[in-house]
Amino acid sequence: MNICNLLQYNSVVNDSHGRILDLVFSNSNLTVNACSSSLVPEDPHHRALTTIAEFVQLHTIKPRSFVRYFYHDGDFTSICSNLDAIDWHFEIGSRSIEDALSFLYNTIYTLRDRYVTSKLVTPSRKYPLWYKRPLIKMIREKAKYHNKYKKYGNSYDRDSFILLRDRVRIMEQSMYNTYIKNIENSIKKDPRAFWSYVKSKNNSNSYPAVLEYGTRSSDQGDEICNFFSEYFYSTFLDNRQASGQPTPSSTYPSDCSSTADIGEIEVLERNVFNLLKTLDLNKSAGPDNIPAIFIVNCAKSLVVPLSLLYRRSLTEGIVPSIWKTAFITPIHKKGPKNRVENYRPISKLCLFAKILEKIVYGQLYSAIKHDFLQQQHGFLRGRSTTSNLLLCVDYLTQYMSIPSQVDIIYTDYSKCFDRIDHLVLLEKLKRIGIRGNLFRWFSSYVQNRCQTVVLSGYSSSPMCIPSGVPQGSLLGPLLFNIFINDISSCFIYSKILLYADDMKILHSVKNADDAHHLQDDLNRFQNYCILNKLDLNVSKCYVCSFTRKPTKLIFNYTLLNLPLTRVDKIKDLGVIFDSKLLFDEHINNIVKKASRALGFVFRMSSEFKSVKTFKILYCSYVRSHLEYASQVWNPHYGTYTSRIESIQRKFLHYLQYRARIFLPNYKVRCKKFHLLPLFERRYSADLNYLLNVANGSVDCPDLLAQLQLRTNVAALREPDTLHVPFARTNYRQNSFMIRASKSFNNLLKTNKDIDLFNTAASKLKRIINNKFFGSNDKTGSCAVAVKH
């Protein structure tokens, strides 16, 4: 079922024993009910069913024509010479910053139109991508003779039609085979083309023919864009809410003062040049319609004008309006695709503006990085969802092994990034140490921004953004972390862990007093949200009690005078936690997702021939599901290990079938196709993460504090490097730091040259590979070709 991407929708039982015999499978949402009036007498063991299906028609909006520039054939030498001939110091210095930027853009557009070939392209979907002009011409000739034969009945026309039909069939198959071969060979030369083909098979970027918003619906491109624009605008604070007075400074905790002090950003031409040259050539253009390939080829000539503009922007505290404009692309999130409310926005900014943000970000982050909360793991270097979840699991196993109970409150905000009040944010920027010209620059940066929804060449009317931090930008997440940085003062009794706006509040509960302490922290937290104009979505805030005791202490926690929903399992940063911390629900879930992904790989790769292509698709679409945050949920029961490993077993069985070779067992297949078993990869991931914690690549002081070096080693023949604390329960023994420390000590006994603080990840990977494959393993075995 999973491999075929099907779900079973029938829940109508067939008899008094509650058994379901009639199964209804589909890869689209269905509604299955018992039929109240069957057409024929009903079998008592097989009920008549009514099935309601809503199949959404895929995107059929005709794309608009657009001008395509062939930058690969552009005369960039002439463009650069013309740019170098301009006295930029005079042209930029004698104008306002808005006019100076307009002069730069107008110059670039004029030179582009002169020296870069362009063509008006009208997107057409009449023929598939692999149809070339000779084939299209032959198809038209075939249709001409077919129509003549139907009209006149001439046998000559019939023979010509039959001849052309056979030639079209042969040429079409030949062109299709060539197209697939080129797609497969493009993995190295043009990976973007390969992955575009793969995504097209998954229909991930398609839109329905008709989209609905509220009670309205439309099939017109401009109107659909305005639907999306209205919906995305509704998530912001309205103008009345966003124009209120800033929160008084007395409401901020006095213990959250910062040691940072930064008022200026230095712009060096060599840094600007390096950032221009290192742009990804595949990056498309933003609202200014200048792509990365143009900027990279003209980097040397653009350094001077851009450096002057960047310095003026930072000195005058003004961000030009074009750099505060964003193009929004709707991306389907969940639910039916024909509802606008089921999409989320992806922002695209001007590349010149993003380079300026990189300059500001690098110097600002260095100045304030030590002031961020240790509990914050989102959008900070060296921290991630994995470090967040590892600390959570360590806290849980520590108290559950006593045994005790831990209550965790999972909080949720309504569109938190979009509803940040600008005045409150600017007040917090002051408190963290941003002042002078830089503060004025940030005031201009966050205010008076606008966005436009673009879709298939259509666009909506521009909408001004009254609140929030800019999404799609480098500075947006950093500003949010600054905004939320004083939240820890709310929690006197509890421990918190954050990943940007995802926060969980942890507290061990031994009696009713502990529960009341947690509720007191929640009361302070809700007051903090009111003062800072954060909208708590209480309906999506949950409480989960983690314990191995037969009875739980149940306390009714509340937020904003509303009771919190109590659950026994919850998905936290992509990992499903259950109240007994078995992770069986998570393992079942990732196995199902990986099975569906494996079925997709089987279906869409049927035309490919190289084993290397199959492996790339498997590692990207399937194995990634089975390895995300494995340090957190690494199973210690054989039944779960076998379930996970079964996915790779199926893939290798398919691989040997496609390669027309027979291999006796799973281990031999892994060696032949050079794929480590998944349990070995989890073992490697544990050790690699442990080394990253030790050498500082993972910037998490709480995890580093758990790393204990063994000191009393004089009396031991083979002393261990790391001390492994005693744990009397299985789930505590399987916690990351204890499990990884044991693995490191065992590995060190056979590899004396491993250093805890200096060994590179590549060396560790090579040691583990040699242990499984053998030191003389030849990785070329993965280049086996499929035989036909």
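Residues numbered from 1 in each chain as written. Predicted model: local features only at pLDDT ≥ 70, side-chain atom pairs only at ≥ 80, totals over all residues. Heavy atoms only, no water.

Things to note about the nonpolar core
Line of reasoning, step 1. Grouped together as the largest cluster of nonpolar side chains are 104 residues, with contacts concentrated most on Trp323, Phe442 and Ile487.
Line of reasoning, step 2. The dominant element in this core, judged by the number of residues it contributes, is helix H12 (residues 351-368), at eleven residues.
Line of reasoning, step 3. Excluding residues within four positions of it along the chain, Ile487 makes contact with Leu373, Tyr413, Ile496, Leu498, Met503, Phe525 and Tyr528.
Line of reasoning, step 4. Counting 92 residues, the second largest nonpolar core, distinct from the first, contains Leu391, Met400, Val567 and Tyr654. (Core = buried A, V, L, I, M, F, W, Y, C linked by side-chain atoms within 4.5 Å. Buried < 20%, exposed > 50% of the residue type's maximum accessible area, 1.4 Å probe, protein only. Helix = DSSP H or I, 4+ residues; strand = E, 2+ residues; numbered from the N terminus. Contact = heavy atoms within 4.5 Å.)

Observations regarding the pattern of salt bridges
Line of reasoning, step 1. Enumeration over the complete set of coordinates arrives at 24 salt bridges.
Line of reasoning, step 2. A salt bridge links Arg419 to Asp535, with the shortest nitrogen-to-oxygen separation between them at 2.5 Å. One end of the pair, Arg419, is in the loop between strand S11 (405-410) and helix H14 (422-432); the other, Asp535, is in the loop between helix H17 (512-531) and strand S17 (542-546), with 116 residues separating them in the sequence.
Line of reasoning, step 3. Here Asp572 ties to Lys504 by a salt bridge, and the two come within 2.9 Å at their closest N and O atoms. On the criterion of sequence distance, the pair formed by Asp572 in strand S21 (residues 569-572) and Lys504 in strand S16 (residues 502-509) is long-range, its members being 68 residues apart. Of the two residues, Asp572 and Lys504, neither departs from the other in class, the shared state being buried.
Line of reasoning, step 4. One salt-bridge network, held together by shared partners, links Glu212, Arg339 and Glu341. (Salt bridge = Lys/Arg side-chain N within 4 Å of Asp/Glu carboxyl O.)

Comments concerning the sheet that holds S11
Line of reasoning, step 1. Strand order across the open sheet formed by five strands is S15-S16-S11-S17-S20, with mixed pairing between neighbours. Looking along the sheet, the strands with just one partner apiece sit at the ends: strand S15 (495-499) and strand S20 (565-566).
Line of reasoning, step 2. Pairing geometry for S11 and S17, over five bridges, is antiparallel. For Val406, the partnering residue across the bridge sits in S17 and is Phe546.
Line of reasoning, step 3. Helix H13 (residues 385-400) contacts S11, S15, S16 and S17 of the sheet and is inclined by roughly 10° relative to S16.
Line of reasoning, step 4. Sitting on the sheet, H17 is in contact with S11 and S16, with an inclination near 155° to S16. (Pairing = 2+ DSSP bridges. Axes fitted to C-alpha atoms, helices over the stretch in contact; angles between N-to-C directions.)

Overview of the environment of Asn769
Line of reasoning, step 1. When you line up the elements, Asn769 lands in helix H27 (residues 761-773).
Line of reasoning, step 2. A relative accessible area of 16% means that Asn769 is categorised as buried.
Line of reasoning, step 3. Filtering out sequence-adjacent residues up to four positions away, Asn769 remains in contact with Leu676 and Gly774.

Some details on a positive patch on the surface
Line of reasoning, step 1. Side chains of Lys333, Lys334, Arg344, Lys415 and Lys540 sit close together on the surface and give a patch of like positive charge.
Line of reasoning, step 2. As for its placement among the helices and strands, Lys540 is situated in the loop between H17 and S17.
Line of reasoning, step 3. With a relative accessible area of 43%, Lys540 lands in the partly exposed category. (Patch = residues over 30% accessible without salt bridge, like charges linked within 9 Å, V, L, I, M, F, W, Y side chains within 5 Å. Areas by Shrake-Rupley, 256 points an atom, 1.4 Å probe, with all protein chains shown as cover. Lys, Arg positive; Asp, Glu negative; His and termini not counted. Charge placed at Lys NZ, Arg CZ, Asp CG, Glu CD.)

Topic: the side chain of Arg669
Line of reasoning, step 1. By the secondary structure assignment, Arg669 is in helix H22 (residues 666-672).
Line of reasoning, step 2. Of the side chains with opposite charge, Glu645 comes closest to the buried, unpaired Arg669, at an N-O distance of 11 Å.
Line of reasoning, step 3. Ignoring any residue separated from it by four or fewer positions in sequence, one finds Arg669 in contact with Leu652, His653, Gln656, Leu663 and Pro664.

Considering a nonpolar patch on the surface
Line of reasoning, step 1. A cluster of nonpolar residues, Met1, Val13, Ile20, Leu23 and Phe25, forms a patch on the protein surface that exposes about 420 Å² of accessible area.
Line of reasoning, step 2. Judged by relative accessible area, which is 47%, Leu23 ranks as partly exposed.

Regarding helix H21 (residues 638-658)
Line of reasoning, step 1. An ideal rise of 1.5 Å per residue puts 30 Å on 21 residues; H21 measures up with 30 Å between its terminal C-alpha atoms.
Line of reasoning, step 2. Of all bends in H21, the biggest is about 30°, found at Glu645.
Line of reasoning, step 3. Tyr640, Ile644, Glu645, Ile647, Gln648, Phe651, Leu652, Tyr654, Leu655, Gln656 and Arg658 are the residues of H21 that are buried.
Line of reasoning, step 4. At its buried positions, H21 is contacted by helix H18 (584-604), helix H19 (611-627), helix H20 (630-633), H22 and helix H23 (678-695).
Line of reasoning, step 5. The positive-phi residue at the C-terminal boundary of H21 is Arg660, with phi of around 60°. (Expected span 1.5 Å × (residues − 1). Bend = angle between axes of the 7 residues up to and from the residue.)

Quick word on the packing of aromatic side chains
Line of reasoning, step 1. Under the defined criterion, the tally for this structure stands at 43 aromatic pairs.
Line of reasoning, step 2. Look at Tyr689 and Phe736: their rings are 5.7 Å apart centre to centre, the planes differ by 85°, and that puts the pair in the edge-to-face class. Within this pair, whereas Tyr689 is found in helix H23, its partner Phe736 is found in helix H26 (residues 736-750), the two being separated by 47 residues in sequence.
Line of reasoning, step 3. Through successive ring pairs, a cluster of aromatic residues spans Tyr127, Trp130, Tyr131, Tyr176, Tyr179, Phe194, Trp195, Tyr197, Phe600, Phe608 and Tyr621.
Line of reasoning, step 4. Over the face of the ring belonging to Phe483 we find Lys428, whose NZ or CZ atom lies 4.3 Å from the ring centre.
Line of reasoning, step 5. Sitting over the ring of Tyr666, Arg649 keeps its end group 4.3 Å from the ring centre. (Phe/Tyr/Trp six-rings, centres within 6.5 Å; stacked < 30°, edge-to-face > 60°. Lys NZ or Arg CZ within 6 Å of the ring centre and 35° of its normal.)

With respect to the pairing of strand S12 (residues 449-455)
Two faces, one strand: in a regular strand the side chains alternate between the faces of the sheet.
Line of reasoning, step 1. Across the seven residues that make up S12, a large majority, six, are buried.
Line of reasoning, step 2. Strand direction decides the pairing type here: strand S9 (residues 325-332) and S12, joined by four bridges, are parallel. Across the sheet, Thr325 pairs through a bridge with Cys450, a residue of S12.
Line of reasoning, step 3. One ladder, built from two bridges, connects S12 with strand S13 (residues 458-459); its direction is antiparallel. The partner of Leu455 across the bridge, within S13, is Tyr458.
Line of reasoning, step 4. Adjacent in sequence and paired antiparallel, S12 and S13 are bridged by two residues, among which Ser456 carries a positive phi angle near 55°.

What to know about H13
Line of reasoning, step 1. In this model H13 runs 22 Å from its N-terminal to its C-terminal C-alpha over 16 residues, within 8% of the 22 Å that 1.5 Å per residue would give.
Line of reasoning, step 2. For H13, the tally of buried residues reaches 14 of 16 residues, placing the bulk of the element in the interior.
Line of reasoning, step 3. A distance of 3.3 Å separates the backbone nitrogen of Thr386 from a side-chain oxygen at the start of H13, and that oxygen is part of Ser384. (Polar contact = N/O pair within 3.5 Å; in protein donor to acceptor, adjacent residues only side chain to side chain.)

Here's the deal with unusual backbone geometry
Line of reasoning, step 1. Backbone torsion omega between Ile402 and Pro403 reads 5°, so that peptide bond is classified as cis.
Line of reasoning, step 2. Positive phi values are uncommon outside glycine, yet Arg660 reaches one of about 60°.
Line of reasoning, step 3. Looking at the element boundaries, Arg660 is found in the loop between H21 and H22.
Line of reasoning, step 4. The exposure class assigned to Arg660 is partly exposed, which follows from its relative accessible area of 46%.

Remember, this is a structural readout, not a statement about activity or role.
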